[in-house]
Amino acid sequence: MNNPAVEIHGVGRIYKIRGSKNEKKTRKELVALQDVNLEVRQGELFGLLGPNGAGKTTLIKILTTLLAPTSGWARVAGFDVAKEPGKVRPRINMVSGGESSGYGLLTVRENLWMFSQFYGMPSKESYERIDALLGLVGLEDRMHTKSSDLSTGLRQKMNIVRGFMTDPNVLFLDEPTLGLDVGASRDVRRLIRGWLEQDKTRTLLLTTHYMAEADELCDRVAIINQGRVLACDTPSALKQRIQHDALFEITVASMNGLATSALENLPGVRKVTRREDGGFAALEFELVEEAALSGVINQLTSADVKVVKFDKHEPTLEDVFVELVGRSIDEVEEAEPDAKE
Amino acid sequence: MNNSETLRSFRTATWLGWQIESNWTDPFLFAVYSIIKPLAGAAILVVMYSVITKGNFDTPIFPYLYFGNAFYIYVGAIMTGVSWAVIDDREHYKTLKYMYIAPIHIPAYWLGRGVARFLTGSFSVIITIAFGVIFLHVPLDLATVNWPLFILSLILGVAMLCMMGLILASITLLVAHHFFLIGEAVAGALYLFSGAIFPLDVLPAWIRPVGFVMPITYWLELMRRSMVSSVSQAFPTLQRFSDLQLAGILVGLTVVFAVIAYFLFRWCDFRAREEGLIDRVTNY
Ligand SMILES: Nc1ncnc2c1ncn2[C@@H]1O[C@H](COP(=O)(O)OP(=O)(O)O)[C@@H](O)[C@H]1O
Ligand SMILES: [Mg+2]
């Protein structure tokens, strides 16, 4: 009953690439995944975070029985994806973002109804679910529109509804918000959270290369780069790993003659850097611990320094990625343009 | 696999196939495709025949080739109808992967997708025969048609063509987009080897075996015999077989093709997942 929803054990995947016409005999091998070990618990919202070409889609394809792993094994909902695909399939569903699949000549409702039929859902129940889900993503007034007449973004919403509609035990979303505008992304994230809250046995695994999305949404995140899982933990635990000091930035109107060295000499303050910021002075504090902050504030108040802005610098998953890989996610993607799909 | 899964895959695929097939934005296109194209094919044949025989329409070879050609429409229609779904779903609608991860029985799904083509194909067959009877004096007397044999042969033939369609569909899983006309191509290639428009004895001896292992050969003969029993008597090739024997051979070969289809599908399905071909989209 409390088996992990997804178990991935030593999974590797190698693609054989046939050389192009002028280099016919070359047969290159591309390692897309290497010794991936992960466990997703029932009820979890799990994120795979990594740049384009990291191997996220490859892993999703393996878990959804579309692709065989070259090595290792994986179980979804308790069944081996390579050996028992017929047992896995009724228990899962999958949606990939950034593509516009679907039968353009059918309406939104017909497209969704048809897929529900493949899952053996009674029509009445399926229409109820479809209508409710379309309402949740703000597509209810388009349900009788031919899907070919929808914008790419709306088509993607339709597909996302298709994933939720069949009420899978484990739902896989591959870059669900890719290419969606801010509002639509928010709708989708709300749908994801709502769906998981409704039933604690549901599990959702999504991939993203948006750091903030993974941070905001996921219970746990695996950071993946070049086919390897570099870290796997809750977003806050990941961020804590790199948080050695408490970082604050205090912007003041004027220092009133107060020297930064006076602030640096306060107990618990490691370093203060001053930077001019449009007529204001921005002071960056590195503190040994947050408690040292009260001394700083006292000092500023007694010198009659007016605080304009106060920021606590929280480390982001972006910082975690940089720490692990040595480069930012954008730099990785720029360095390997052909890794983009 | 269980029965309800197979049934719902077939039923829903039939619905989808019909939606696609009947989605003629232009009825004119439908007319061209289902009426004019088969009639044009028949007309070319008739003109060639009349040139070669100097206009002698009274020999048994004329109804032989006319019915053979008409029923051959089913070969292309069913084989293409069943196998086309793979390319259509993978390349055009980009839904093959979603079909694949759904709890469906894939061969049943493909067969369902072929039903609509079978129906429009039937329409073309009827039009072609009616045209021949009315304008070209193709001999056909509905009162003397052997209807039980006709229905039996039609059912067996459709089953046989479905198996051939599944074989092509399985192969299509593994091949690239430029083989998109695989159904029509195979139908075209077999046209000459399966006794559609001339008896197999006309062919060089070394190529005849191709025709003799093709179930289509026996099926066309049965269809012709059921329509105009005298026709077959004029040609020695299959004359020595009784109707029942022909039907027996057809059943036997259909079973052989079904077994091939079963194992080929399993193998192609396996290869496709090994190589990641299920959601491959051909780059032009
Ligand atoms: N079918 C394929 N054939 C060959 N190489 C592939 C194929 N699919 C993906 N790749 C390669 O495998 C690597 C991982 O790709 P992918 O899993 O799509 O990454 P992501 O989804 O994280 O962007 C990339 O370098 C990509 O180019
Ligand atoms: Mg991807």
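Residues numbered from 1 in each chain as written. Chains lettered and ligands numbered in written order. Predicted model: local features only at pLDDT ≥ 70, side-chain atom pairs only at ≥ 80, totals over all residues. Heavy atoms only, no water.

Colleague: How would you summarise the sheet that holds strand β12 (residues 269–277) of chain A if you had to cite specific residues and measurements?
Modeller: Residues and elements named next belong to chain A. The strand order across the open sheet formed by 4 strands is β12-β13-β11-β14, and the pairing between neighbours is antiparallel. The outermost strands of the open sheet, each flanked by one partner alone, are β12 and β14 (307–313). Sheet twist, expressed as the mean angle between neighbouring strand axes with direction ignored, is 20°. In this structure, strand β11 (residues 246–252) lies alongside strand β13 (residues 280–287), joined through 7 bridges in antiparallel fashion. From the neighbouring strand, E249 faces β13, where its bridge partner is E284. (Pairing = 2+ DSSP bridges. Helix = DSSP H or I, 4+ residues; strand = E, 2+ residues; numbered from the N terminus. Axes fitted to C-alpha atoms, helices over the stretch in contact; angles between N-to-C directions.)

Colleague: Give me the lowdown on the site of ligand 1, citing residues and values where you can.
Modeller: Residue and element names in this part refer to chain A. In the neighbourhood of ligand 1, 12 residues make up the surrounding shell, with G53, G55, K56, T57 and T58 lying closest. A distance of 3.1 Å separates an oxygen atom of ligand 1 from a polar backbone atom of A54. In the model, an oxygen atom of ligand 1 is placed 2.6 Å from a nitrogen or oxygen of the T57 side chain. A total of 560 Å² of accessible area belongs to ligand 1 in isolation, and the protein chains cover 76% of it. At the level of secondary structure, the elements contributing two or more residues to the shell around ligand 1 comprise β2 (27–40) and α1 (56–63). Considering each element in turn, the shell around ligand 1 owes the most residues, 3 residues, to α1. Grouping the constituent residues of the shell around ligand 1 by class yields 5 nonpolar, 5 polar and 2 charged. (Near = heavy atom within 4 Å. Polar contact = N/O pair within 3.5 Å; in protein donor to acceptor, adjacent residues only side chain to side chain. Areas by Shrake-Rupley, 256 points an atom, 1.4 Å probe, with all protein chains shown as cover. Nonpolar A, V, L, I, M, F, W, Y, C, P; charged D, E, K, R; others polar.)

Colleague: Pulling in residues and values, what's your account of the packing of aromatic side chains?
Modeller: Taken as a whole, this structure holds 20 aromatic pairs over all chains when the rule is applied. Relative to B:W15, the ring of A:W113 has its centre 5.0 Å away and its plane inclined at 75°; by these criteria the two rings are edge-to-face. One end of the pair, A:W113, is in helix α3 (residues 108–118); the other, B:W15, is in helix α1 (residues 3–21), on a second chain. A residue is classified by how much of its surface remains accessible, and B:W15, at 23% relative accessible area, is partly exposed. Ring-pair connections join several aromatic residues into one group, and the members of that group are B:Y49, B:F57, B:F62 and B:Y66. It is A:R75 that lies over the ring of A:W73; its NZ or CZ is 4.8 Å from the centre. (Phe/Tyr/Trp six-rings, centres within 6.5 Å; stacked < 30°, edge-to-face > 60°. Buried < 20%, exposed > 50% of the residue type's maximum accessible area, 1.4 Å probe, protein only. Lys NZ or Arg CZ within 6 Å of the ring centre and 35° of its normal.)

Colleague: Before we move on, could you go through the interface of chain A and chain B and cite the residues and values that matter?
Modeller: Taken together, the contacts link 34 residues of chain A with 30 residues of chain B. Here chain A packs against chain B, burying approximately 2800 Å² in sum over the two surfaces, 63% of which is carbon and sulfur. Of all residues in chain A, A:L66, A:Y103 and A:F118 bury the most surface against chain B, accounting for 27% of the area lost on that side. For the interface between chain A and chain B, the tally reads 2 salt bridges. In this structure, the salt-bridge partner of B:K97 is A:E99, at a minimum N-O distance of 3.1 Å. Summed over the shared surface of chain A and chain B, the result is 13 residue pairs in polar contact (both at pLDDT 80 or more). Put simply, the parts of the chain that give the side of chain A that touches chain B at least two residues each are β1 (6–18), β6 (92–96) and α3 of chain A. When residues of the side of chain A that touches chain B are assigned to their parent elements, the largest contribution, 6 residues, is made by α3(A). Broken down by class, the residue content of the side of chain A that touches chain B amounts to 17 nonpolar, 9 polar and 8 charged. (Contact = heavy atoms within 4.5 Å. Buried area = accessible area lost by both parts, 1.4 Å probe. Salt bridge = Lys/Arg side-chain N within 4 Å of Asp/Glu carboxyl O.)

Colleague: An account of helix α9 (residues 215–227) of chain B is needed here, citing residue identities and associated values.
Modeller: Within an α-helix, residues lying three or four positions from one another point in the same direction, as the helix has 3.6 residues per turn. Here α9(B) is 13 residues long and its end C-alpha atoms lie 19 Å apart, about the 18 Å a rise of 1.5 Å per residue gives. By the criterion of burial, α9(B) is predominantly enclosed, with 13 of the 13 residues buried. (Expected span 1.5 Å × (residues − 1).)

Colleague: So what's going on with the domain arrangement of chain A? Which residues, and what values?
Modeller: Annotation of chain A at the domain level lists domain 1 (6–240) and domain 2 (246–313). Spacing between the C-alpha centres of domain 1 of chain A and domain 2 of chain A amounts to 46 Å. (Domains from an automatic or database assignment.)

Colleague: A description of the state of the cysteines should follow, citing residues and the corresponding values.
Modeller: Note on terminology: disulfide describes a covalent bond linking the sulfur atoms of two cysteines. Under the defined criterion, the tally for this structure stands at 0 disulfides over all chains. For A:C218, which is in no disulfide, the shortest distance to another cysteine sulfur is to A:C232 and amounts to 11 Å. Take A:C218: its relative accessible area is 7%, and that puts it in the buried class. With no disulfide of its own, B:C162 lies closest to B:C268 among cysteine sulfurs, the gap being 18 Å. (Disulfide = S-S within 2.5 Å.)

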